Amino acid sequence: MLSLDPLGPEWDCPLGSKDLEEEEGPWGGGSGLPPPGCFPGSWHQDVGLDCKGSLEGAEARAWTVYYYGLLQSCLQQAGLPETQDRSQVPRTGCPGAEVTLCVLGSPSTFLSVLLEGGVQSPGNMLLCLSPTWLTKVPALGQPGEAVLLVSKAVSFHPGGLTFLDDFVPPRRATYFLAGLGLGPGRGREAAELARDLTCPTGASAELARLLEDRLLTRRLLAQHGGVAVPATLAFTYKPPALLRGGEAGPGLRLVELSGKEDQQTLVKEEVGAFLHSGALADALQVAVKLSGWRWRGRQALRVYPRVELSTVVDTVLALLEKLEEEESVLVEAVCPPARLPFPGSPPPGPELAVRICAVVCRTQGDRPLLSKTLEAALARCGLGETGQVAVVRRRVKAAAEAALAAVLALEAGLSAEQRGGRRARTDFLGVDFALTVEGRVLTPVALELNSGLCLEACGALEGLWAAQRPRSAAEDAAAAPLVETMLRRSAHCLVEGKQLLLIGAGGVSKKFVWEAARDYGLKLHLVESDPNHFASQLVHTFIHFDVTEHRRDEENARLLAELVRARGLQLDGCFSYWDDCLVLTALLCQELGLPCSPPAAMRLAKQKSCTQLHLLRCQGPPWPAPSLHAVPCCPLESEADVEKAVHQVPLPGVMKLEFGAGAVGVRLVEDAPQCHEHFSQIARDLQGEADHPGIGLGWGNAMLLMEFIEGTEHDVDLVLFGGRLLAAFVSDNGPTRLPGFTETAACMPTGLAPEQEAQLVQAAFRCCLGCGLLDGVFNVELKLTGAGPKLIEINPRMGGFYLRDWILELYGVDLLLAAAMVACGLRPALPTHPRARGHLVGVMCLVSQHLQVLSSTASRETLQALHDQGLLRLNWLEEVLVPGEYEEPYCSVACAGSSPAEARLRLLGLCQGLGIDGPHYPVAHFLSHFK
């Protein structure tokens, strides 16, 4: 948000007792009745605002009615329908098993978050207008913590639809965000509700008290964030522990007072030195204000010419009398205004201060992200030159993100008690900047940190108060990252403590599983064939069991079910991400009565020829029929089958293992002799699991011949729950090195037009439904041809190689977490429209092509160091450098960029420098699809 404030006498706010003692209202800690007057417009007044079982006094009831009217006014001004009262028919829901994002506070402050939540997670974003609509109950097995239950709320849905709902039984909050305060009134009640909850909270009174202390935050930003702040002289009385000792920081001077009286001499000396110091630079004015929790949101300040020493001193002395412990009086530079060419103003234009309000949000991996663009607002002020705007935006982004990073670092060192609870975090921050000139460069100077004010302002200015319109990917709402963070933390809350049986540990490419499980609080019980697997030491229970002989899967499922019961494991779910174990997992889930797609569906998807032939016969539902995407093929178990197949399937064709993985043994065949030759070679070289572990030879080495289709290759990773598509992520693959089909390069997000992307997603979804895959995370490989999407194969598990890592990095969505939630029967907490935060382009390194460079210029140590420095994104896929005829990629090396072109150029330069690019492995050719 950008605003223009006039400098001069209008800023002069008289400091009377009324200015210093007046309370702000119920959410800021005040008390009393709501302001009189009415909101423009009309709506139904006879709505059920009382919560059954709760008593609300007349004053509290008046505030509830006031905020309901404020909500209706906000909706009406935004062109949205009135809230419908359906509280007479309570919602039943699935308590404890559903996402519940609860906001307690002023509708105008949180409207942008509420509307965005209605889009991202329909029906799960709830606004409570009264603390009596919420209840805290002690959490079983978690001493000192409480569960927050929602009995009544306004629920938000797509299109701005809202409903006043009662919940019987109450919904258990999975995320709580509240307007906070320490004084009497609703702010204090909200603070008490937010303290020591089992669910994540996006703020707490304890954290807000720290972050809204201007002196503390300025020192934090100047010392640890490297963020410019106004030159400040502070007189502190019994400062908090965080302000004691150490350097104050650039441009900051802290004077600790032993008392509030008889300080005239000290104040005069310090103020005089400050006003004549070089720290004030070109500032002609100074502001005097109070700092501390009690003064947040107040306009108790005066602006004086820098030369008026006696007036400044008198004002400081007057304010010292008002101080309580841990509060301060600040004398600060008023930043010289940036003189912009304002359209329509006569030269040289009025003297105006340009204020920029930025909302910055904690995202995946606790990384800050600026969630509002500035270009349109700056253009309105006449700053339209592209280079200048880019510089301002870059500096505001860096400063805002550095501010939140400094806050997160501070919080990391606080105890749970100091934060207001084990799960209390600052998830978003408003940073109020003044745009000034330093060294002939437009520079943002951080004035203060806040939460609701900047969020409300950004929500208003980005059009949420105007008629709603469809938002493109480039028009992210300021609230969007915050809602995504709410959903992500809700997912962590829902799975914490869940007990999952995992079938098959996988190899080096799945090492992320164990760290992620620890971070999510999952309790894993592992079934694995290798008794010495490293993961056996990283799980709660290890069951050594041979799962490689898949012809005995039904018998093994019964045996495993007996083992689970004998050990007394109380499982919430069972899943696998390992190709070999998917059918066994479905059978075991059936034995144990746990959620999973049917074994028959898993078998269909696992056997490639069965998948295609079944879909070719599938005329619907779903509609359009998935037969549109299937490709003719023939199963091959003998030489006679090969002879028959070459007359049925048009050549050239593709031969592959029925149950194979990693493109091992896949080959382009152009005529009948090549078909016979490749069939014989595979029959000779890959007979059983020992010949190439982990690619499905435990199922046998049967093959199939399918028609070769021209087109670009793509992966679609889907999350399905109850037959509903919750999320889809499309990536592009580069051309393979024929006649083999080992992957060479990839790009995410897709560079396809939105219509083509939608075609691929719908094709993948229909193919899964056609096979009976209704619940899980699935990877579908397709080609986009002139006749539309064509299916290569379905992998009924989350995508392999780098896909989980890339999707987590770009979209903040963890497919492993989604798979775990589905396995527990929980609907994954995912944003409805995930938006990529950049682009990744990568190439595969192969031992057969890169053995020399992987042992020298691109050694394991070198690649890992570049990854740690953020210069590339590295995914290890194999552990040892062993060349072989049937190989899988050794590692994936990728570069990030704000555009595909930027990422591609970075990657190409890196590959040329490391020696990965070469005549026999032309990286530029493999990346050519991504232009």
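Everything that follows concerns the structure shown earlier in this document.
In this text the structure is predicted, and so the values were computed from the model without any measurement. (Residues numbered from 1 in each chain as written. Predicted model: local features only at pLDDT ≥ 70, side-chain atom pairs only at ≥ 80, totals over all residues. Heavy atoms only, no water.)

A. Layout of the overall build of the chain. A count of helical and extended segments in the chain gives 27 helices and 33 strands. Counting over 931 residues, the chain shows a buried share of 58%. Taking the intrachain contacts of the chain between residues at least 6 apart in sequence as the baseline, contacts between residues at least 24 apart amount to 69%. In the structure as shown, the chain presents an accessible area of about 37300 Å², 53% of it carried by carbon and sulfur atoms. (Helix = DSSP H or I, 4+ residues; strand = E, 2+ residues; numbered from the N terminus. Buried < 20%, exposed > 50% of the residue type's maximum accessible area, 1.4 Å probe, protein only. Contact = heavy atoms within 4.5 Å. Areas by Shrake-Rupley, 256 points an atom, 1.4 Å probe, with all protein chains shown as cover.)

B. Spatial organisation of unusual backbone geometry. A cis amide bond, omega 5°, links leucine 651 with the succeeding residue proline 652. Tracing the chain through its elements places proline 652 in the loop between helix 19 (639-645) and strand 23 (653-657). Omega for the bond connecting methionine 748 with proline 749 falls within 30 degrees of zero, at -5°, which places this linkage in the cis form. Positionally, proline 749 belongs in the loop between strand 28 (745-748) and helix 21 (754-771). One non-glycine residue, aspartate 196, lies in the positive phi region at around 55°. Mapped onto the elements of the fold, aspartate 196 is located in the loop between helix 4 (186-194) and helix 5 (205-211).

C. Here's a closer look at the pairing of strand 8 (residues 175-178). Burial along strand 8 is two-sided: the residues Tyr175 and Leu177 and Phe176 and Ala178 are all buried. As defined by bridge partners, strand 3 (residues 101-104) adjoins strand 8 across four bridges and the pair is classed as parallel. Residue cysteine 102 lies in a different strand from strand 8, and its bridge partner there is phenylalanine 176. (Pairing = 2+ DSSP bridges.)

D. Highlighting the sheet that holds strand 32 (residues 873-876). Across the sheet, which stays open at both edges, the eight strands sit in the order 30-29-26-27-28-31-33-32 with antiparallel pairing between neighbours. Only two strands of the sheet have a single neighbouring strand rather than two, namely strand 30 (788-795) and strand 32. Along the sheet, successive strands turn relative to each other by an average axial angle of 25°, direction set aside. Across eight bridges, the pairing between strand 26 (residues 712-721) and strand 27 (residues 724-733) is antiparallel. (Axes fitted to C-alpha atoms, helices over the stretch in contact; angles between N-to-C directions.)

E. Local environment of the sheet that holds strand 20 (residues 541-544). The strand order across the open sheet formed by four strands is 20-19-18-21, and the pairing between neighbours is parallel. Looking at which strands have only one partner, the edges of the open sheet turn out to be strand 20 and strand 21 (573-575). The sheet shows a mean angle of 20° between the axes of neighbouring strands, direction not considered. With five bridges joining them, strand 18 (residues 499-503) and strand 19 (residues 523-528) adopt parallel strand pairing. Directly across from leucine 501, in strand 19, lies its bridge partner histidine 525. Strands strand 18 and strand 21 of the sheet are contacted by helix 23 (residues 815-823), whose axis makes an angle of about 130° with strand 21.

F. Inspection of the packing of aromatic side chains at higher detail. Applying the stated criterion across every chain, the model contains ten aromatic pairs. Arranged with centres 4.3 Å apart and planes meeting at 35°, the rings of tyrosine 802 and tryptophan 806 form a pair that is tilted. Judged by its relative accessible area of 2%, tyrosine 802 is buried. When its relative accessible area of 0% is taken as the criterion, tryptophan 806 is described as buried. Grouping aromatic residues by their ring pairs yields a cluster made of Trp63, Tyr66 and Tyr67. The residue whose ring lies beneath arginine 86 is phenylalanine 163, and the NZ or CZ to ring-centre distance is 4.0 Å. Between lysine 511 and the ring centre of phenylalanine 534, over which it is positioned, the NZ or CZ distance is 5.2 Å. (Phe/Tyr/Trp six-rings, centres within 6.5 Å; stacked < 30°, edge-to-face > 60°. Lys NZ or Arg CZ within 6 Å of the ring centre and 35° of its normal.)

G. Representation of the packing of helix 17 (residues 599-606) against helix 18 (residues 608-617) in the model. Put simply, helix 17 and helix 18 touch, their axes get as near as 5 Å, and they point 105° apart. When the axes of helix 17 and helix 18 are compared, the pair comes out roughly perpendicular. For the pair helix 17 and helix 18, contact is made by Leu604, Ala605 and Lys606 and by Lys608, Cys610, Thr611 and His614, respectively. Partitioning the contact of helix 17 with helix 18 into residue classes produces three nonpolar, two polar and two charged. (Parallel < 35°, antiparallel > 145°, perpendicular 65-115°, else oblique. Nonpolar A, V, L, I, M, F, W, Y, C, P; charged D, E, K, R; others polar.)

H. Highlighting empty space enclosed by the protein. All chains considered together, the criterion is met by four cavities of 30 Å³ or more. Looking at the largest cavity, its volume works out to about 220 Å³. In terms of lining residues, the largest cavity is bounded by 19 residues, among which Phe575, Ser576, Met602, Gly776 and Val777 are the most central. Those elements that provide at least two residues to the lining of the largest cavity are strand 21, helix 16 (582-592), strand 29 (776-785) and helix 23. (1 Å grid on protein atoms, 1.4 Å probe; cavity = no way out; pocket = protein on both sides within 12 Å on 5 of 7 lines; lining within 4 Å. Points joined across faces, edges and corners; volume = space filled by probe spheres on them.)

I. Inspection of the nonpolar core at higher detail. Within the largest apolar cluster, 146 residues are counted, with the highest numbers of intra-cluster contacts made by Phe176, Trp514, Leu863 and Val893. Those residues in contact with tryptophan 514 that sit more than four places away from it in its chain are Leu502, Ala505, Leu524, Leu526, Phe534, Ala535, Leu538, Val539 and Tyr577. Counting 50 residues, the second-largest nonpolar core is a separate cluster that includes Cys574, Leu584, Phe765 and Cys768. (Core = buried A, V, L, I, M, F, W, Y, C linked by side-chain atoms within 4.5 Å.)

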